[in-house]
Amino acid sequence: MLPGAPVAEEVLADVARRAAALRERGVEPALATILVGDDSASAGYIRIKQKQAAELGFVSPHEHLPASATQEDLHRVIARFNDDPTVHGLLIQYPIPGHLDYDAALLTVDPDMDVDGMHPLNLGRLSSGLPGPVPCTPAGIEALLAHYEIPVAGHEVVILGRGATIGRPLAMLLAQKRPTANAAVTVVHTGVPDWARYTRRADILVAAAGVPGIIQPEHVRPGATVIGAGVRYEGRKLLPDVDESVAEVAGAITPRVGGVGPTTVAMLFRNAVDAAERATAS
């Protein structure tokens, strides 16, 4: 089993150390959050992030807009945080009400404050190998593989799923030339006939399709490492891409709960402390 908690603990310990160093210089690292509407799950995620922020030594200014807020209202709050020199990172809790355009809102966020790493400029930086915020789930997957000393360099990684949040940025990240990456990466999706022909040859298989139970034992090469990154919710029930029976053939596998989730949150705070250090560098 490849639980994410030990990986997240290492990352967050480093974040806390760096946040303490900033405070010693008179800088309070700040991660601002925006919540639109009254979705209870989203509100719960914000509370968890605020609690984590406090434990790490961050301040966490927050703006809660009503579900009736307009696109202009949202952009106005983003602009205020962008222009506040005491705020270093900014997170818009997703999803937002359906009448609002999340992508348009993201475009107005200062790219250097984008702790999710999903601003188009940051995805461009990633594709060019330039420094900048990295999407949190892909960064967490790389950290998880490195922590458990799963060989990546020179090995074949197959990603099932081409989404902008995981599949595409993860492919760019793991193909880069460094010891914890440098892989031969194939991205495949459910629109490809016989996609299992690709997954069965993978040394490392990352399931990021968002299709519950799509990965079964017959889709995995015996002994391969399997990372479950795609999920779907039915109400509050979490439905992962990787069926639990895959553990019978995999050499290493993330658990159904507690795999890439903790590492994703940890990387959000790593992006936040990176942003604070950049903004306050002498």
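Here, the structure is the one placed above.
Predicted model, so just to flag it, every value in this text is computed and none were measured.

Draft legend 1. The arrangement of the overall build of the protein in detail. Broken down by element type, the protein carries nine helices and ten strands. Whereas a compact globule of 282 residues would reach a radius of gyration of roughly 19 Å, the protein reaches 19 Å, a difference of no more than 12%. In the protein, which comprises 282 residues, the share counted as buried stands at 50%. Long-range pairs, those at least 24 residues apart, make up 71% of the contacts in the protein with a sequence separation of at least 6. When the 24 positive and 32 negative side-chain charges of the protein are each reduced to one mean point, those points stand 3 Å apart.

Draft legend 2. Structural detail: the packing of aromatic side chains. Under the defined criterion, the tally for this structure stands at two aromatic pairs. When the centroid spacing of 4.9 Å and the interplanar angle of 70° are considered together, the rings of Y94 and Y102 count as edge-to-face. Directly above the ring of F81 sits R80, whose terminal nitrogen or CZ lies 5.2 Å from the centroid.

Draft legend 3. View of the sheet that holds strand β2 (residues 62-65). The three strands are arranged β2-β1-β3 in an open sheet whose pairing can be described as parallel. Strands at the two margins of the open sheet, each flanked by one partner only, are β2 and β3 (89-92). Pairs of neighbouring strands in the sheet enclose a mean axial angle of 10°, with direction left out of account. Pairing geometry for strand β1 (residues 31-36) and β3, over four bridges, is parallel. In the strand pairing of β3, L31 is matched with G89. Against the sheet, helix α2 (residues 40-56) engages β1, β2 and β3, with an angle of about 170° to β1. Helix-sheet contacts for helix α3 (residues 71-82) involve β1, β2 and β3, and the interaxial angle to β1 is about 175°.

Draft legend 4. Structural view of the sheet that holds strand β7 (residues 225-228). Reading across from one edge, β5-β4-β6-β7-β10 is the order of the five strands in this open sheet, with parallel pairing throughout. Across the chains shown, the open sheet's two edge strands, defined by having one partner strand only, are β5 (184-188) and β10 (252-253). Examined bridge by bridge, strand β6 (residues 204-207) and β7 share four bridges and lie parallel to one another. Note that in β7 the partner of V206 across the bridge is I227. The strands that helix α6 (residues 136-147) touches are β6 and β7; relative to β7, the one it contacts most, it runs at about 145°.

Draft legend 5. View of the pairing of strand β9 (residues 237-240). Inspection of the sheet shows strand β8 (residues 231-234) paired to β9 by four bridges, in the antiparallel sense. By the bridge assignment, E234 is partnered in β9 with K237. Remark: two residues form the turn of the hairpin made by β8 and β9, two consecutive strands paired antiparallel; G235 in that turn has positive phi of roughly 65°.

Draft legend 6. Examining the pattern of salt bridges more closely. Per the counting criterion, the structure on display carries 14 salt bridges. The residue D194 makes a salt bridge to R197 at a minimum N-O spacing of 3.8 Å. Three or more residues are tied together by salt bridges with common partners; here these are D14, R17, R18, D274 and E277.

Draft legend 7. Structural detail: helix α7 (residues 167-175). Looking only at α7, the buried set comprises G167, P169, L170, A171, L173 and L174. Of the surrounding secondary structure, the elements contacted by the buried residues of α7 are α5 (120-128), α6, β4 (156-160), β5 and β6.

Draft legend 8. View of the layout of surface pockets. Quantified by volume, the second largest pocket comes out at close to 170 Å³. Considering the residues around the second largest pocket, the lining is formed by 16 residues, among which L126, V134, L173, Q176 and R178 are closest to the centre. Secondary structure elements with two or more residues in the lining of the second largest pocket: α5 and α6. Considering only residue class, the lining of the second largest pocket consists of eight nonpolar, four polar and four charged.

Criteria and thresholds
Residues numbered from 1 in each chain as written. Predicted model: local features only at pLDDT ≥ 70, side-chain atom pairs only at ≥ 80, totals over all residues. Heavy atoms only, no water. Helix = DSSP H or I, 4+ residues; strand = E, 2+ residues; numbered from the N terminus. Rg over C-alpha atoms; globule rule 2.2 N^0.38 Å. Buried < 20%, exposed > 50% of the residue type's maximum accessible area, 1.4 Å probe, protein only. Contact = heavy atoms within 4.5 Å. Lys, Arg positive; Asp, Glu negative; His and termini not counted. Charge placed at Lys NZ, Arg CZ, Asp CG, Glu CD. Phe/Tyr/Trp six-rings, centres within 6.5 Å; stacked < 30°, edge-to-face > 60°. Lys NZ or Arg CZ within 6 Å of the ring centre and 35° of its normal. Pairing = 2+ DSSP bridges. Axes fitted to C-alpha atoms, helices over the stretch in contact; angles between N-to-C directions. Salt bridge = Lys/Arg side-chain N within 4 Å of Asp/Glu carboxyl O. 1 Å grid on protein atoms, 1.4 Å probe; cavity = no way out; pocket = protein on both sides within 12 Å on 5 of 7 lines; lining within 4 Å. Points joined across faces, edges and corners; volume = space filled by probe spheres on them. Nonpolar A, V, L, I, M, F, W, Y, C, P; charged D, E, K, R; others polar.

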